[in-house]
Amino acid sequence: MLKDKNAIVTGSTSGIGLGIARALARHGANIMLNGFGDLDDIERIRSETAEQYGVAVSHSGADMSKPAEIRELAEQTVAELGAVDILVNNAGIQHTALVEDFPTEKWDAILAINLSSNFHAIRAVMPGMKRRNWGRIVNIASAHGLVASATKAAYVTAKHGVVGLTKVVALETATTGITCNAICPGWVLTPLVQKQVDALAQRDRIPIEQAKERLLSEKQPSRAFVTPEQVAALTVFLCSEDAAQIRGAALSIDGGWVAQ
Ligand code: NAD
């Protein structure tokens, strides 16, 4: 379905982004991986994905908090794969603290990586998408793009911003073959959430499994984690022709979190 399309997936060396990169590759897209981690591990992910699905896979270590490196990521993708047809803005970090205790450098980093990187990446790839009159932009927001939780000032602010940016870009491209949508996952058990599970287990002196259940029962009515594969399947659908008239949407995949 996505044969000969080229996709950037930011933050795809782990968690949801890795699941999305693999799913796009399975559907035939060439992939520019991005993110941090052990270089041998990243090379293994790169070569296994390329061999398994018979597509071209590159990696860029561009730091999504740095606009110049985001521009270089787009340029490297054009140089190595040929174009950017699909952009998945997924890189993200988390920090929790009461607003009066929130470290200002954490606020700046979360706003830069979780929100501003989406703007810089979209800005860099948009001229090429407009020239080809085809593009798919999928921003991985969060249930926290739609509702709030205490101790997450920067994250909730950034993710609400992503939903707003998604709508603007969708309106600016409404008469073109380019679509822009956001996906709003609930809890997905990735390293980002495992840290919050571990912190809860430590704080309440309970076993890890009980901490997972407590985390889910606070927010997610299904009491089950969303999987990276489920978020990836929705991303692949948004990249299909069947999804051509889904524009500016913020699609929940959250076990009922925001229905409450
Ligand atoms: P993760 O920690 O498993 O993966 C984050 C990825 O981003 C990694 O590849 C990491 O190397 C990369 N990254 C971090 N900082 C970066 C930077 N400055 N530059 C480039 N890459 C960077 O996290 P995840 O849970 O898979 O989260 C992925 C996205 O999904 C994030 O935007 C997150 O906010 C969102 N999300 C996650 C959940 C969840 O429950 N896990 C729920 C809703 C939304």
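Residues numbered from 1 in each chain as written. Predicted model: local features only at pLDDT ≥ 70, side-chain atom pairs only at ≥ 80, totals over all residues. Heavy atoms only, no water.

(A) Here's a closer look at helix H2 (residues 39–53). Here H2 spans 21 Å end to end across 15 residues, near enough to the 21 Å set by a 1.5 Å rise per residue. Burial in H2 covers these residues: Ile 42, Ile 45, Thr 49 and Ala 50. Along H2, the residues classed as buried sweep out an arc of 120 degrees about the axis, all on the same side. Those residues of H2 that are exposed and angled more than 90 degrees off the buried face are Asp 40, Glu 51 and Gln 52. (Helix = DSSP H or I, 4+ residues; strand = E, 2+ residues; numbered from the N terminus. Expected span 1.5 Å × (residues − 1). Buried < 20%, exposed > 50% of the residue type's maximum accessible area, 1.4 Å probe, protein only. Arc of directions from axis to C-beta.)

(B) Region of the structure containing the site of the ligand. Taken together, 30 residues sit near the ligand, with Ser 14, Asn 90, Tyr 155, Val 188 and Thr 190 positioned nearest. One of the side-chain nitrogen or oxygen atoms of Thr 13 is found 2.7 Å away from an oxygen atom of the ligand. Relative to its free-state accessible area of 830 Å², the ligand is covered by the protein chains to the extent of 93%. Looking at the shell around the ligand, the elements with two or more residues in it are helix H1 (15–26), helix H5 (153–172) and helix H6 (191–204). At three residues, H6 tops the list of elements feeding residues into the shell around the ligand. (Near = heavy atom within 4 Å. Polar contact = N/O pair within 3.5 Å; in protein donor to acceptor, adjacent residues only side chain to side chain. Areas by Shrake-Rupley, 256 points an atom, 1.4 Å probe, with all protein chains shown as cover.)

(C) Inspection of the packing of H1 against H2 at higher detail. Packing of H1 against H2 brings their axes to within 9 Å, and their N-to-C directions diverge by 25 degrees. Classed by the angle they form, the pair H1 and H2 counts as roughly parallel. Along this stretch, H1 crosses H2, giving a crossing that reads as right-handed. Contact with H1, carried on its side by Leu 18, Arg 22, Ala 25 and Arg 26, involves Ile 45, Thr 49 and Tyr 53 of H2 and no other residues of that element. (Axes fitted to C-alpha atoms, helices over the stretch in contact; angles between N-to-C directions. Parallel < 35°, antiparallel > 145°, perpendicular 65-115°, else oblique. Left-handed = near helix turned anticlockwise from the far one by under 90°. Contact = heavy atoms within 4.5 Å.)

(D) Fine view of unusual backbone geometry. In the Ramachandran plot, Asp 4 falls in the positive-phi region, its phi being about 70 degrees despite a non-glycine side chain. Structurally, Asp 4 is set in the segment before strand E1 (6–9). Judged by its relative accessible area of 59%, Asp 4 falls in the exposed class. Positioned with a positive phi, Arg 223 is a non-glycine residue whose angle comes to about 60 degrees. Looking at the secondary structure, you find Arg 223 in the loop between helix H7 (208–219) and helix H8 (228–238).

(E) Region of interest: the pairing of E1. Where burial is concerned, the two faces of E1 agree: the one with Asn 6 and Ile 8 and the one with Ala 7 and Val 9 are both buried. Relative to strand E2 (residues 30–34), E1 runs parallel, the two sharing four bridges. Each bridged residue has a counterpart across the sheet, and for Asn 6 the counterpart in E2 is Asn 30. (Pairing = 2+ DSSP bridges.)

(F) Region of the structure containing the sheet that holds E2. Taken together, seven strands build an open sheet; the order of strands is E3-E2-E1-E4-E5-E6-E7 and the sheet is parallel. Edge positions in the open sheet fall to strand E3 (57–60) and strand E7 (250–253), since each of these has one partner strand only. Strand-to-strand twist in this sheet, taken as the mean axis angle between neighbours without regard to direction, amounts to 20 degrees. Set on the sheet, H2 makes contact with E2 and E3; between it and E3 the angle comes to about 155 degrees. Here helix H3 (residues 67–81) sits on the sheet in contact with E1, E2 and E3, set at roughly 150 degrees to E2.

(G) Summary view of the pattern of salt bridges. Within the structure shown, the criterion is met by nine salt bridges. For Asp 41, the salt bridge is made with Arg 44, and the minimal N-O distance between the two is 3.1 Å. Taken together, the residues span about one helical turn, with Asp 41 and Arg 44 both in helix H2 at a distance of three residues. When its relative accessible area of 37% is taken as the criterion, Asp 41 is described as partly exposed. Judged by relative accessible area, which is 42%, Arg 44 ranks as partly exposed. The salt bridge involving Glu 241 is made with Arg 136; its shortest N-O contact spans 3.9 Å. Of this pair, Glu 241 sits in the loop between H8 and E7 while Arg 136 sits in strand E5 (residues 135–140), and the two are 105 residues apart along the sequence. (Salt bridge = Lys/Arg side-chain N within 4 Å of Asp/Glu carboxyl O.)

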